[in-house]
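Residue-level listing of the chains:
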Amino acid sequence: MSGLLPQDYEIPSSGSGGLFAKLEKGENRFRILAKPVFGYIYWNESTPVRVKSPADVPTGEKAKHFWHLPVWMDNEVKYMEIDKATVLKDLAALDSNKEWGNLLEYDVIVTRSGEMMETKYNTNPCKPTKLTAEATEAWKDTKAEYSKYIAEELFSSELFPAEKAATDEKLPF
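This write-up is about the structure you can find in this document. Computed from a prediction, not measured in an experiment: that's the story for all the values here. (Residues numbered from 1 in each chain as written. Predicted model: local features only at pLDDT ≥ 70, side-chain atom pairs only at ≥ 80, totals over all residues. Heavy atoms only, no water.)

## Quick notes on the overall build of the protein
We count it as follows: Secondary structure follows DSSP: runs of H or I at least 4 residues long count as helices, runs of E at least 2 residues long count as strands, and numbering of each begins at the N terminus. Burial classes follow relative accessibility: with a 1.4 Å probe on protein chains only, a residue under 20% of its type's maximum area counts as buried, one over 50% as exposed, and anything between as partly exposed. Any two residues whose heavy atoms approach within 4.5 Å at even a single point are treated as in contact. For the area figures, the Shrake-Rupley method with a 1.4 Å probe applies, and any residue is considered shielded solely by the protein chains shown.
For the protein, the helix and strand inventory stands at 3 helices and 8 strands. Ordering the α and β elements of the protein from the N terminus gives β-β-β-β-β-β-α-β-β-α-α. Going through the 173 residues of the protein one by one, you find that 30% of them count as buried. Once local pairs closer than 6 in sequence are excluded, the contacts in the protein between residues at least 24 apart make up 55%. Per element, the accessible surface of the protein, about 11900 Å² overall, is 53% carbon and sulfur.

Following this line, the structure appears as structure tokens:
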């Protein structure tokens with residue numbers, strides 16, 4: 001009797017491929033591709049809840065500010081959510097700095113080191129360069145492919161609401 005999964009199936013390792021990226025241990029080089037969506041995240045048991053304003057956070061819940069943004073990382077377009085205060089402060093400082101300026105004009109390297117409560121993040125800008133043709137084309141293709149993706153909808157947990165509505169109409173139950 002064969003199982004549900006193909007015999008050659010392997011579970012992907014953390015951080016490999018996929019539409020979403022996170023800051024892994026070591027160097028994380030990326031280029032921000034568009035303006036971030038800002039919000040706050042808190043946890044309801046094991047489920048993340050994202051809201052637009054701290055006023056939307058229930059009393060007693062501890063929320064963290066985050067940026068949700070598209071990035072060019074590991075030679076592909078991904079979406080990243082950054083909620084580490086040190087990284088956000090560093091990115092905001094670079095963006096407002098007269099020497100560095102607009103974060104869309106250069107790569108950033110965020111180095112993650114340490115474990116658990118000892119985790120540290122170091123953020124460094126790279127020399128300003130034009131976005132590569134490969135990255136530009138991939139970003140254009142991604143926007144077309146995920147045209148139903150609406151970043152603002154992460155506050156309702158439905159990043160692809162138009163697609164969900166179409167699927168809901170086809171469900172037999």
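## Overview of the environment of Trp67
Summarising the element assignment, Trp67 is placed in strand β5 (residues 64-73). What makes Trp67 buried here is its relative accessible area of 10%. Through-space distance from the C-alpha of Trp67 to that of Glu81 is 5.6 Å; in sequence the pair is 14 residues apart. Residue contacts for Trp67: discarding those within four places in its chain leaves Pro36, Val37, Phe38, Met80, Glu81, Ile82, Leu88, Leu91, Ala92 and Leu103.

## Brief notes about the nonpolar core
What counts, and what does not: We call a set of buried residues a nonpolar core when its members are Ala, Val, Leu, Ile, Met, Phe, Trp, Tyr or Cys and they connect through side-chain atoms within 4.5 Å of each other.
Ranked by size, the top nonpolar core spans 19 residues in total, and within it Phe30, Met80, Ile82 and Leu103 carry the most contacts. At the level of elements, β2 (26-32), β5, β6 (76-82), α1 (85-96) and β7 (108-113) are the ones that each hand at least two residues to this core. Residue contacts for Met80: discarding those within four places in its chain leaves Ala21, Leu23, Phe30, Trp67, His68, Leu69, Val71 and Met73. Within the second largest apolar cluster, 8 residues are counted, among which are Trp72, Val77, Tyr79 and Ala138.

## Side note on unusual backbone geometry
In this model, Asn75 sits at a positive phi of 65°, which is unusual for a non-glycine residue. Along the chain, Asn75 turns up in the loop between β5 and β6. Of note, Met116 is a non-glycine position whose phi angle comes to about 45°, a positive value. For Met116, the position within the fold is in the loop between β7 and β8 (120-125).

## Observations concerning the packing of aromatic side chains
Quick reminder of the rule: Planes of paired rings set the category: under 30 degrees apart is stacked, over 60 is edge-to-face and the rest tilted, where pairs are Phe, Tyr or Trp rings (Trp by its six-membered ring) whose centres lie within 6.5 Å.
A complete count under the given rule lists 3 aromatic pairs for this structure. Between Phe38 and Trp67 the ring centres are 5.8 Å apart and the planes differ by 75°, which places this aromatic pair in the edge-to-face class. Taken together, the residues Phe38 in strand β3 (residues 37-44) and Trp67 in strand β5 connect sequence positions 29 residues apart. Phe38 sits in the partly exposed class, given a relative accessible area of 38%.

## Some thoughts on the pattern of salt bridges
Pairing is possible between side chains that carry opposite charge, provided their charged atoms lie close to one another. Definition in use: Take a side-chain nitrogen of Lys or Arg and a carboxyl oxygen of Asp or Glu: if they are within 4 Å of each other, that pair is a salt bridge.
On inspection of all chains with the given rule, the structure shows 8 salt bridges. The partner of Asp107 in a salt bridge is Arg31, and the shortest N-O contact between them spans 2.9 Å. On the criterion of sequence distance, the pair formed by Asp107 in the loop between α1 and β7 and Arg31 in strand β2 is long-range, its members being 76 residues apart. Accessibility assignment for this pair places Asp107 and Arg31 in one class, buried. Lys64 is the salt-bridge partner of Asp83, the closest N and O atoms lying 3.9 Å from each other. In this pair, Asp83 sits in the loop between β6 and α1 while Lys64 sits in strand β5, placing the two residues 19 residues apart along the sequence. Take Lys64: its relative accessible area is 37%, and that puts it in the partly exposed class. Residues joined in a network through salt bridges with shared partners are Arg29, Arg31 and Asp107.

## Considering helix α2 (residues 133-145)
Heads up, the condition is: Any helix carries an expected span of 1.5 Å times its number of residues minus one. In this description, one arc is meant: the one made by directions from the helix axis to the C-beta atoms.
Here α2 is 13 residues long and its end C-alpha atoms lie 18 Å apart, about the 18 Å a rise of 1.5 Å per residue gives. Residues of α2 that are buried: Ala135, Ala138, Trp139 and Thr142. Taken end-on, α2 shows its buried residues confined to a sector of 100°, consistent with a single buried face. Every exposed residue of α2 that faces more than 90 degrees away from the buried side is listed here: Ala133, Lys140 and Ala144. Turning to α2, the residues buried within the fold contact β5 and β6.

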